[in-house]
Amino acid sequence: MTAVDEAIIRVHRTEWARVVAALARRFGDLDLAEEMTAEAFAVAVERWRADGVPPNPGAWITTTANRRAIDLLRRESRRDDKQRQALMLYDDPSAQPHGVIDDDRLRLIFTCCHPALAMESRIALTLRMVGGLTVAEIACAFLAKETAVGQRITRAKSKIKAAGIPYRVPAAEDLPARVGGVLAVLFLIFNEGYLSSDPAQEAVRGDLTGEAIRLTRLVHALLPADGEVAGLLALMLLTEARRTARVSASGELVTLGEQDRGAWDAALIAEGHALVRARIAAVAAGQGRPGRYQLLAAINAVHTSARDVRDTDWSQVVALYDQLAALDPSPIVALNRAVALAELDGPEVALALVDRLDLAGYHAYHATRADLLRRLGRSAQARTAYGGAIELAGNTAEVAYLTRRRDQLTPT
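Residues numbered from 1 in each chain as written. Predicted model: local features only at pLDDT ≥ 70, side-chain atom pairs only at ≥ 80, totals over all residues. Heavy atoms only, no water.

Q: Before we go on, may I ask you to explain helix α5 (residues 104-112) in this structure?
A: It helps to recall that an α-helix has 3.6 residues per turn; residues three or four apart then point in one direction. Extensive coverage of α5 is indicated by the burial of nine of its nine residues. Of all the positions in α5, only D104, R105, L106, R107, L108, I109, F110, T111 and C112 are classed as buried. Tucked into the core, α5 has its buried residues touching α1 (3-27), α2 (30-51), α6 (119-129), α8 (146-163), α9 (175-194) and α10 (206-222). (Buried < 20%, exposed > 50% of the residue type's maximum accessible area, 1.4 Å probe, protein only. Helix = DSSP H or I, 4+ residues; strand = E, 2+ residues; numbered from the N terminus. Contact = heavy atoms within 4.5 Å.)

Laid out in structure tokens, this is it:
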């Protein structure tokens, strides 16, 4: 791979969402924004190889995409009112009202998460347009088929255009009704960065986790008293604090119990713990009840409070998962609870719970079974389970870890 190729990949990761969001606000058309951004990157592949990478690659992509969009609209013999207005008015981006916070990507998130769209469509569309995830990556996040996700995204874009949904952060009184979908999207963007599902990508994508945290901070600034916003921010910070310790020098995933805790980011942990403590105090004072993100943040606070994995308060972790299961009785929550329960009641009890879950298409289900079977000395069954996990896992670091664990099993 040449230096230009590497530059294009890097700029695509860091600038795609910003350029799409800016064009979407300017021209009021998601299809046009996505198409012209993609075309600008295609032009960059040719031009940069001949002329070199420009001093400000992001600005170059933005300018090229804008010019291509304007040229396309001018060439069309028939334009609707919105596109004519874009040409007449939006050539001056300063003419657009910025709303509560001047951030194009946050504005686009709220647009994609409009209540007129079904929740799954909101999430899929925003992951594509703002997170820059591929349809395949989104399908993995949903445990769904790529064709179904692609159709969902197409329908959502069409509905936004037909309904004339504005590209803006909603008014303060409308924020609470809109924030749930926004948080779900930010959580999934962060998760894709935390453990990339695409084997062609880096195992851990700091560009995605960093952007998810940045946007969540903006939402927290909009809604400082919202417990779930604070909970999600705390969860991201406590997870991000461990990022540099999660992959070994050889490119293998390092599990929580094996990580060098001295390499964790102490500042991020302190900030996350402060948010969790504030939410605990607020709940104790009768200011709401803990939601899903607050409970997940509290679980991570327990883990990051332990100086050694042996110091982990597993009874507290299980108790928090019990509360979470009452709110979200999903099989994935039950799977994670079983992992914690194994540390209290042993792998046999946990395995009995895991075997009742309907998660055959989820790689973590097979990886969890494999580890529990290994601990029980059932090597042949563990080997089979590891094979199932390896087949379904897309993350290269996780595949390397699972392969080593499988190969370490004693032959039977």
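Q: Would you explain the pattern of salt bridges in this entry?
A: Pairing between side chains becomes possible if they bear opposite charge and their charged atoms approach one another. Counted according to the given criterion, the structure contains 25 salt bridges. Salt-bridge contacts for R214 lead to E211; the nearest nitrogen and oxygen are separated by 3.0 Å. Placement of the pair is R214 and E211 together in helix α10, with a separation of three residues, close to one helical turn. In this structure R214 comes out as partly exposed when scored by relative accessible area, which is 28%. Residue class for E211 comes out buried when judged on its relative accessible area of 18%. One salt bridge in this structure joins D371 and R405, with 4.0 Å as the shortest N-O distance. (Salt bridge = Lys/Arg side-chain N within 4 Å of Asp/Glu carboxyl O.)

Q: Looking at this model, I keep getting lost on the packing of helix α12 (residues 266-284) against helix α13 (residues 292-305). Mind explaining?
A: In a pair of packed helices, the angle between the axes and the distance between the axes together describe the arrangement. The N-to-C vectors of α12 and α13 enclose an angle of 130 degrees; their axes lie 10 Å apart at closest approach. In terms of their interaxial angle, α12 and α13 are classed as oblique. Of the two elements, α12 crosses α13, and the hand of that crossing is left-handed. Contacts from I269, H273, V276, R279 and V283 in α12 reach Q294, A297, A298, A301, T304 and S305 in α13. For the contact of α12 with α13, the residue count by class is six nonpolar, four polar and one charged. (Axes fitted to C-alpha atoms, helices over the stretch in contact; angles between N-to-C directions. Parallel < 35°, antiparallel > 145°, perpendicular 65-115°, else oblique. Left-handed = near helix turned anticlockwise from the far one by under 90°. Nonpolar A, V, L, I, M, F, W, Y, C, P; charged D, E, K, R; others polar.)

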